[in-house]
Amino acid sequence: MTFALHGIAVSKGIAIGKAVLISRAALEVSHYLIEAGKEDAEAKKLLDAFEQVRLELAQLRQGLPKDAPQEMAAFLDVHGMILADPALAEKPLKLIRTQRLNAAWALTTELNDLLEQFSEIEDAYLKERANDIRQVAERVLKALNAQKKDALSDSELLSPSDVGVDAIIVAHDIAPHDMLRFKEHAFTGFVTDLGGKTSHTAIVARSMEIPAVVGVRHASEMIRHGDWLVIDGEHGVVVVAPDEQLLSEYRLLQEQATQETRKLQELKHSRTSTVDHVAIELLANIELPEDATQAVELGAIGVGLFRSEFLFMDRKQALPDEEQQYQEYRRVVDLMHGLPVNIRTIDVGADKALGSGSDLSETGTSPLGLRAIRWSLTEPEIFLTQLRAILRASAHGQARIMIPMLAHVKEIDETLRLIEKAKQQLHQRGQAFNPNIQVGAMIEIPAAALVLPLFINRFDFLSIGTNDLIQYTLAIDRADHAVAHLYDPYHPAILNLLFSIIDQAKRANIPVAVCGEMAGDPSMTRLLLGLGLTDFSMHFSQLLLVKREILKADVSLLRSRIGAVLKAIEPAEQAEALEKLLS
Ligand code: PEP
Ligand code: MG
């Protein structure tokens, strides 16, 4: 039966394909479909892993010293019993045989189901058994991973060709760095239960130019593995089991979108200036060094935001050392051929978890917690390592340092002190760097916007992070779908704040850009031009769409009409002023 689910549109376009459900635990293990005919061999792998764990537990039990606490033996007995219960292997074996899931994926799918059932139990003793089941399953997963043949690399993750048709990922939630891992696998769409329009997962989905809808609440429960889906990334709609007529209508829309993209390419080489000859700078936001190639190809005149934290977020790897970071930063600098590259220092915390740097202080998971520069200043050695790597890259081109989430003078002072220290360390080592490297601040906390002269006096450039500026001004978590409807870039407080920042920076002659998602939204281009913005930084996939708007805009006209928009605080009044501005 055809039905539609609604969520938040984050990445436009239409995707048509079959659902591939990814469980939370399954994100941590390799997941792929096994070849037809290999079901028995895969089932044997699972049974072998069970047997191996049975032997391990028996050995542990036997080897217990005489004075070991009694609980130890009881604990191993419970684990032995869980393992011996045929029910634990039964469903995964069925998943292997009927759906051709690989053994680890099948086991984690079953584990998730069991854990969910246990979470509904009130009894504390039984609830505790959930942990035992998890531990046993994890032992089996470890044994599976140890089997050479199952030790899959990322490149062996499920790929669309395995499914035989275009595949659409459906998940409860996807962490930003997991999303990035999917980049190499060319899925045609994403649907998640959680997430907001400017959550980092949404930003990465957009950067992959893949239609995505987030915040669809119960999608991962209502959609079944293998269901046909249409994702309308423009309107935030997911159609499950579409009929033939709907399918052909969506295919037509898909075709129209492809033609429009082709037509846009004609703008690649034209100058970026308005009808009244105001030159506008278009820069790119990137998450991975290799994205720089496409940024240049599409006419970006620099990288306005390199989100360096994506180098630090891979769960499986230790944090990159100075040399590794230097190589990555240098790669971007080289690819940009002398154009500026703003390397934003690590911004982990909130919805971006850190990788496996075991003994590091925890980042905060709240957007108000230990995030970005706050975290870097609690880990000065890691921060200095990153600063040295950026400085070394500055010997090869225009690498610049950009600091996220500053609000306090003492944070600014400490940051600038550490930059000087990093320079001294390189000097002592005799390593090359640009001593006059430019240092910029992101303005993304309202407090910073309200004391802008402090920043103007201490930095070489400013970049407004509207994603966070909106989040913190309106007090809504940008990753929480429950308050997504309150995420409003048109709120008069936001527009006035933006105007004030841009105006003060222009008067002080300090470069100012916007690098939040607003800059890449073509429906906002004329508004931002009216607010006085001339430097826009966005994901490269948006460059030509925004350029098209700029080529049609008349800045002097927009500037003459912006006053009425800023003054309007009543919704009807604002709507009228905006309509006049954009007409
Ligand atoms: C922003 O906050 O607008 C920004 C560009 O940074 P991020 O989205 O990475 O927080
Ligand atoms: Mg930010």
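Here the structure is shown first, and the text comes after it.
Let me begin by describing the structure that accompanies this report.

Calculation criteria
Residues numbered from 1 in each chain as written. Chains lettered and ligands numbered in written order. Predicted model: local features only at pLDDT ≥ 70, side-chain atom pairs only at ≥ 80, totals over all residues. Heavy atoms only, no water. Helix = DSSP H or I, 4+ residues; strand = E, 2+ residues; numbered from the N terminus. Buried < 20%, exposed > 50% of the residue type's maximum accessible area, 1.4 Å probe, protein only. Contact = heavy atoms within 4.5 Å. Polar contact = N/O pair within 3.5 Å; in protein donor to acceptor, adjacent residues only side chain to side chain. Pairing = 2+ DSSP bridges. Axes fitted to C-alpha atoms, helices over the stretch in contact; angles between N-to-C directions. Donors = N, O, S within 2.8 Å, 3.2 Å for Na, K, Ca; no water. Near = heavy atom within 4 Å. Areas by Shrake-Rupley, 256 points an atom, 1.4 Å probe, with all protein chains shown as cover. 1 Å grid on protein atoms, 1.4 Å probe; cavity = no way out; pocket = protein on both sides within 12 Å on 5 of 7 lines; lining within 4 Å. Sits in = over half its atoms within 2 Å of the grid points. Nonpolar A, V, L, I, M, F, W, Y, C, P; charged D, E, K, R; others polar. Core = buried A, V, L, I, M, F, W, Y, C linked by side-chain atoms within 4.5 Å. Phe/Tyr/Trp six-rings, centres within 6.5 Å; stacked < 30°, edge-to-face > 60°. Lys NZ or Arg CZ within 6 Å of the ring centre and 35° of its normal.

## Comments concerning the side chain of Thr415
At step 1: Here Thr415 lies in helix α15 (residues 409-429).
At step 2: Residue Thr415 is classed as buried on the basis of its relative accessible area, which comes to 0%.
At step 3: Among residues more than four places away in sequence, those in contact with Thr415 are Ile373, Leu377, Phe383, Ile403 and Leu406.

## Notes on the environment of Asp276
At step 1: Topologically, Asp276 is positioned in the loop between α10 (244-264) and β9 (281-286).
At step 2: Residue Asp276 is classed as partly exposed on the basis of its relative accessible area of 24%.
At step 3: Each C-alpha atom, one on Asp276 and one on Lys552, is 9.5 Å from the other, the two residues being 276 residues apart in sequence.
At step 4: A polar atom in the side chain of Asp276 sits 2.7 Å from the side chain of Thr274.
At step 5: There is a polar contact of 2.8 Å between the side chain of Asp276 and the backbone nitrogen of Ser556.

## Remarks on the sheet that holds strand β2 (residues 8-11)
Strand pairing in a sheet relies on backbone hydrogen bonds, with the paired strands running either antiparallel or parallel.
At step 1: Read across the open sheet, the eight strands follow the order β1-β8-β7-β3-β4-β5-β6-β2; overall the sheet is mixed. Because the sheet does not close on itself, it has two edges, and the strands there are β1 (3-6) and β2. Recorded for the sheet is a direction-independent mean angle of 30 degrees between the axes of neighbouring strands.

## Remarks on the coordination of the magnesium ion (ligand 2)
Ideal geometry at a metal gives 109.5 degrees between four tetrahedral donors and either 90 or 180 degrees between six octahedral ones.
At step 1: Protein-derived ligands of the magnesium ion (ligand 2) are Glu444 (OE) and Asp468 (OD), with the metal-ligand distances lying across 2.0 to 2.1 Å. Note that Glu444 is positioned in the loop between β13 (439-443) and α16 (446-450) and Asp468 in helix α18 (residues 466-474), a separation of 24 residues in sequence.
At step 2: Among the residues examined, Glu444 registers a relative accessible area of 2% and is labelled buried.

## Some points on the site of ligand 1
At step 1: Around ligand 1 lies a shell of 17 residues, among which Arg307, Arg344, Gly465, Asn467 and Arg478 are the nearest.
At step 2: In this structure, an oxygen atom belonging to ligand 1 sits 2.8 Å away from a main-chain N or O atom of Asn467.
At step 3: Its free accessible area being 290 Å², ligand 1 has 100% of it covered by the protein chains.
At step 4: Judged by the proximity of its atoms to the pocket grid, ligand 1 belongs to the largest cavity.
At step 5: Of all the secondary structure elements, the ones that give two or more residues to the shell around ligand 1 are α8 (200-207), β10 (303-307) and α18.
At step 6: The residue makeup of the shell around ligand 1, split by class, is four nonpolar, five polar and eight charged.

## Quick notes on the nonpolar core
At step 1: Formed by 160 residues in total, the largest nonpolar core has its most connected members in Leu46, Phe190, Tyr329, Phe455, Leu462, Leu531 and Phe536.
At step 2: Among the elements that line this core, the one with the most residues is helix α4 (residues 103-119), at nine residues.
At step 3: Leaving out residues up to four positions away in the same chain, Phe455 has contacts with Leu406, Ala407, Ile412, Ala441, Ile443, Ala448 and Leu462.
At step 4: Ranked by size, the runner-up nonpolar core spans 15 residues in total, among them Ala15, Ala19, Ile168 and Val191.

## Some words on the packing of aromatic side chains
At step 1: For the structure on display, the rule yields two aromatic pairs.
At step 2: Geometry around Phe461 places Arg400 over its ring, the cationic atom sitting 4.2 Å from the centre.

## Digging into the sheet that holds strand β15 (residues 512-514)
At step 1: Taking strand neighbours around the barrel as the criterion, the eight strands line up as β9-β10-β11-β12-β13-β14-β15-β16 in a closed arrangement whose pairing is parallel. Between one strand and the next, the sheet's axes are offset by a mean angle of 30 degrees, whatever the strand orientation.
At step 2: The pairing of β10 with strand β11 (residues 341-344) spans three bridges and is classified as parallel. Its bridge partner being in β11, Phe306 is matched across the sheet by Ile343.
At step 3: Against the sheet, helix α14 (residues 380-393) makes contact with β11 and β12 (399-403), and its axis sits at roughly 150 degrees relative to β12, the strand it touches most.

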